[in-house]
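# Chain and residue survey
Spelled out from the first residue to the last, the chains are:
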Amino acid sequence: MRRILVHAGFYKTGTTSLQAQLARLADALEPYFHFYGPGALQRSGALAREFARSQTDESRRAFRRSFKRFAEALPDTGNIVISRENFAGIMPGHRGVDGEVLTGINPAARMLARDIRAGLERRFGDQMDLHFLYSVRDRTDWLKSVHGHQLRSTGLRDDLVRFSELFPNNFDLRKDADKVAQALAPTPVHIRALEDYRAHPQGPAAMVLDLMDVPQEVIDTLPPAERQNAGQDAALRAEFLRLNRLGMDRTALHAAKHALLPPDPSTG
């Protein structure tokens with residue numbers, strides 16, 4: 001029976017590196033699975049995030065319709081891997097529809113997972129072996145990564161200490177993944193820690209290779225992963241924080257930050 005694996009989060013747990021490596025290796029891995037990353041999901045990723053932010057019935061229906069169209073276009077044969085962190089809702093640290101900073105995984109993650117399962121069941125019925133994967137990360141490293149992302153992409157004015165204090169002392173991505181697993185039972189949900197894959201030549205992509213039963217002798221022939229979306233160093237984060245606290249308008253702030261970033265080699 002064909003296996004379908006949905007890697008649905010979480011943010012800042014090596015997802016970009018995982019997706020980049022699997023896309024890079026798509027041809028070599030085609031005998032084992034077809035890979036669908038952020039650029040191949042039509043508007044499903046953006047609509048998942050919009051539903052998580054607005055929590056309206058209409059936004060949820062829009063996500064379901066979009067995912068249904070995506071699922072209908074999937075091939076009739078072969079294993080499938082789908083990876084999109086937006087399927088976990090919106091990143092903690094962003095503001096929700098009520099204007100408050102989100103300090104936990106949005107409950108929409110559970111609703112989105114059930115909608116994804118329903119969409120795939122409509123497409124494939126009982127002719128699939130469906131699994132979900134959630135990657136997690138050490139709390140301290142995760143908070144540092146999210147804080148750096150927010151400094152770069154929003155007008156966050158809190159330093160790391162203050163930002164971390166916004167989150168409950170018992171906040172733990174694994175606990176949130178367990179809640180999703182309970183909501184999806186009996187569908188198998190796999191939880192993998194980023195730290196366990198730091199030394200692996202394939203990086204976090206090895207989570208997927210393991211779950212899709214790619215033979216070790218094949219994995220040994222694959223080129224090693226290249227790190228993606230590395231966080232800024234302490235000096236750059238400090239400069240972003242300083243700029244955020246100046247009260248500049250949004251356009252000027254964006255331009256000032258952009259000027260500090262290294263050029264994107266993909267545009268050269």
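Here goes a summary of the coordinates provided. In this convention, every chain numbers its residues from 1, walking through the sequence in written order. Owing to the predicted nature of the model, reporting of local features is limited to residues with pLDDT of at least 70; listing and counting of side-chain atom pairs is limited to 80 or more, with chain, interface and lining totals taken over all residues. Side-chain measures were taken over the full set of non-hydrogen atoms in the model, leaving aside hydrogen atoms and water.

## Observations concerning the overall build of the chain
In this description a helix means any DSSP run of H or I spanning at least four residues, a strand means any run of E spanning at least two, and both kinds are numbered starting from the N terminus. Each helix and strand counted, the chain has 12 helices and five strands in total. Each radius of gyration is computed over the set of C-alpha atoms, and the globule rule expresses the reference value as 2.2 Å times the number of residues to the power 0.38. Taken against the 2.2 N^0.38 rule, which gives 18 Å for 268 residues, the C-alpha radius of gyration of the chain at 19 Å falls within 12% of a compact globule. On the principal axes, the C-alpha backbone points of the chain span a range of 55 × 45 × 35 Å. Counting all 268 residues of the chain, 48% fall into the buried class. The contacts in the chain between residues at least 6 apart in sequence include a share of 77% that link residues at least 24 apart. What sets the accessible areas is the Shrake-Rupley method with a 1.4 Å probe; for residues, cover comes only from the shown protein chains. Split by element, the accessible area of the chain, about 13,300 Å² in all, is 49% carbon and sulfur. A 1.4 Å probe rolled over the protein chains alone gives each residue an accessible area, and that area as a share of the maximum for its type sets the label: buried under 20%, exposed over 50%, partly exposed in between. Residues count as neighbours in contact if any of their non-hydrogen atoms are within 4.5 Å of one another.

## Here we look at the packing of helix H4 (residues 57-72) against helix H5 (residues 108-124)
It is the contact of H4 with H5, at a shortest axis distance of 9 Å, that shows an interaxial angle of 35°. Crossing hand, H4 versus H5: right-handed. Taking contact as the criterion, the partners of Arg 60, Phe 63, Arg 64, Phe 67, Ala 71 and Glu 72 in H4 are, on H5, Met 111, Leu 112, Asp 115, Ile 116, Gly 119, Leu 120 and Arg 123. In the scheme used here, Gly and all other residues not listed as nonpolar or charged are polar, with Ala, Val, Leu, Ile, Met, Phe, Trp, Tyr, Cys and Pro taken as nonpolar and Asp, Glu, Lys and Arg as charged. Residues that form the contact of H4 with H5 fall into these classes: seven nonpolar, one polar and five charged. For helices, the fitted axis covers only the stretch in contact; all axes are lines through C-alpha atoms, and the angles between them, taken along N-to-C directions, range from 0 to 180 degrees. We call a crossing left-handed when the near helix sits turned anticlockwise from the far one by less than a right angle, and right-handed when that turn is clockwise.

## With respect to unusual backbone geometry
Here the amide bond leading from Gly 9 into Phe 10 is cis, since omega sits at 5°, within 30 degrees of zero. Relative to the assigned elements, Phe 10 resides in the loop between strand E1 (2-7) and helix H1 (15-24). Pro 186 follows Ala 185 through a cis peptide bond whose omega is 10°. For Pro 186, the position within the fold is in the loop between helix H8 (173-184) and strand E5 (189-193). One non-glycine residue, Lys 12, adopts positive backbone phi at about 60°. By secondary structure assignment, the location of Lys 12 is in the loop between E1 and H1. On the basis of relative accessibility, which here comes to 11%, the residue Lys 12 falls in the buried class. Residue Asp 213 is not a glycine yet carries a positive backbone phi of 55°. Position of Asp 213 relative to the elements: it lies in the loop between helix H9 (205-211) and helix H10 (216-219).

## Looking at the sheet that holds E5
DSSP calls a pair of strands paired once it identifies at least 2 bridges connecting them. Strand order in the open sheet formed by five strands is E2-E3-E1-E4-E5, with parallel pairing between adjacent strands. Edge strands, defined here as strands with exactly one partner in the open sheet, are strand E2 (34-36) and E5. Between one strand axis and the next, the sheet turns by 20° as a mean value, whatever way the strands run. Two elements, E2 and strand E3 (residues 80-83), share three bridges in a ladder whose sense is parallel. Opposite His 34, over in E3, you have Ile 80 as the bridge partner. Sheet contacts for H5: E1, E3 and strand E4 (128-136); angle to E4, the most-contacted strand, approximately 155°.

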